[in-house]
Amino acid sequence: MNVKELASLVDGKVIGDESIVLHGASKIEEAKSGEFSFLSNPNYIKFLDTTFASAVIISNKIELNKFSKLPTALIVVKDPYTSFVIAIEKFQKFVPLLADGINSSAMISKSASVGKNCKIGANVFIDEDCKIGDNTSIMHNVVIEKNVSVDEDTLIFENVTIREGCKIGKRVILNPGCVIGSDGFGWASKEDGSYRKIPQLGIVVLEDDISIGANCCIDRATLGETRIKRGTKLDNLVHIGHNVIINEDTVIAGLTGISGSSKIGKQVKMGGQVGISGHLTIADNTTIGGASVVLSSIEKSGETYSGFPARPLFQTKRIEASLNQLPEILKTINNLEKKIVELENLLKKNNEAK
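None of these values were measured; they are calculated from a predicted model.

Caption draft 1: Expanded view of the packing of aromatic side chains. One pass over the structure, following the stated rule, counts five aromatic pairs. Geometrically, the ring pair formed by Phe36 and Phe84 is edge-to-face, given 5.6 Å between the ring centres and 65° between the ring planes. Taken as a pair, Phe36 in strand 3 (residues 35-38) and Phe84 in helix 2 (residues 80-91) lie far apart in primary sequence, 48 residues in all. Since its relative accessible area comes to 11%, Phe84 is described here as buried. Seen in terms of ring centroids, Tyr44 and Phe47 are 6.0 Å apart; in terms of plane orientation they differ by 35°. Their pairing is tilted.

As structure tokens, this is what we get:
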């Protein structure tokens, strides 16, 4: 593919030589001649005049007159990151994950139904009354328990467990080691200080176009459903508690934990290591910075929160700025205390002299 063809693919404008043939993609700081790259993060703009890439996909907001040297070709677009994703898909070599058909070591219940064109790997177990949709791929060592439904075009990687009754939508990706429908953390305290297990009778529902990262745990509901709605993406090592509802197109980074019965709005963005307390509501379009701990509901949509406990970003910044001044403030307070003592002693002497 040459630069002109790539620009046409991403609806971009070419500045420079559009006839250059491209053989692959690379990071802007590591790219070689014949490769293309992209520039989206401002932290990498310093590489634009030093890269060896033959072509770079850039934003139409970058002022090019600031650079003394530019790559041989630039492809100017509105959204470089999305355009780069579209571009590399064309260069990606397709490698089948599984052989066609069902591996001889797979165990599939007679009452289970498997759709057309499914691929099922070694040591897969599919229990009674399960329904597997067309074009689904199930990698090795997956366990799917009773009465689970998996809709079409879903991809389930190695060592995934889907427990009884759960429902998986279309075009879902379950990465290695995740557990869908594990028991929620429900224990009733007794008078003697011990605990009695609360039965977890509900299920998990994953709607269409969801991606669940490696080693995530999504707990089944105590009653009813734990539901993750269309288009949501979870990073690795995320824990979703029982009866949580996560609305459409939310993205959650790794090591985040959401406690039971919380409701997360649409298009919410959570950084890594975020903690959400139980029974809270998070408004649509909220952004929560990494390592924040949310202890109360966020009612206003479109706000950014951070810190421990999580506060609106401007408030957290003011607090952090004040904390940086604490050593000097303490010195000032100590000096004032000394002066107060000196004044008190002077007043005492004056009163005694009278």
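Caption draft 2: Focus on the sheet that holds strand 3. Pairing within the open sheet is mixed, and its five strands lie in the order 1-5-4-3-2. Edge positions in the open sheet fall to strand 1 (13-16) and strand 2 (24-25), since each of these has one partner strand only. Helix 2 rests against strand 2, strand 3, strand 4 (55-59) and strand 5 (73-77) of the sheet, and its axis sits at about 150° to strand 3.

Caption draft 3: Seen up close, the pairing of strand 25 (residues 225-228). What you see with strand 25 is a clean split: Thr226 and Ile228 sit on the buried side and Glu225 and Arg227 on the side with no burial. Relative to strand 25, strand 22 (residues 203-206) runs parallel, the two being bridged by four bridges. In the strand pairing of strand 25, Val204 is matched with Thr226. Summarising the sheet, strand 25 and strand 28 (residues 245-246) pair through two bridges and their orientation is parallel. Paired with Ile228 across the strands is Ile246, a residue of strand 28.

Parameters and conventions
- Residues numbered from 1 in each chain as written.
- Predicted model: local features only at pLDDT ≥ 70, side-chain atom pairs only at ≥ 80, totals over all residues.
- Heavy atoms only, no water.
- Phe/Tyr/Trp six-rings, centres within 6.5 Å; stacked < 30°, edge-to-face > 60°.
- Helix = DSSP H or I, 4+ residues; strand = E, 2+ residues; numbered from the N terminus.
- Buried < 20%, exposed > 50% of the residue type's maximum accessible area, 1.4 Å probe, protein only.
- Pairing = 2+ DSSP bridges.
- Contact = heavy atoms within 4.5 Å.
- Axes fitted to C-alpha atoms, helices over the stretch in contact; angles between N-to-C directions.

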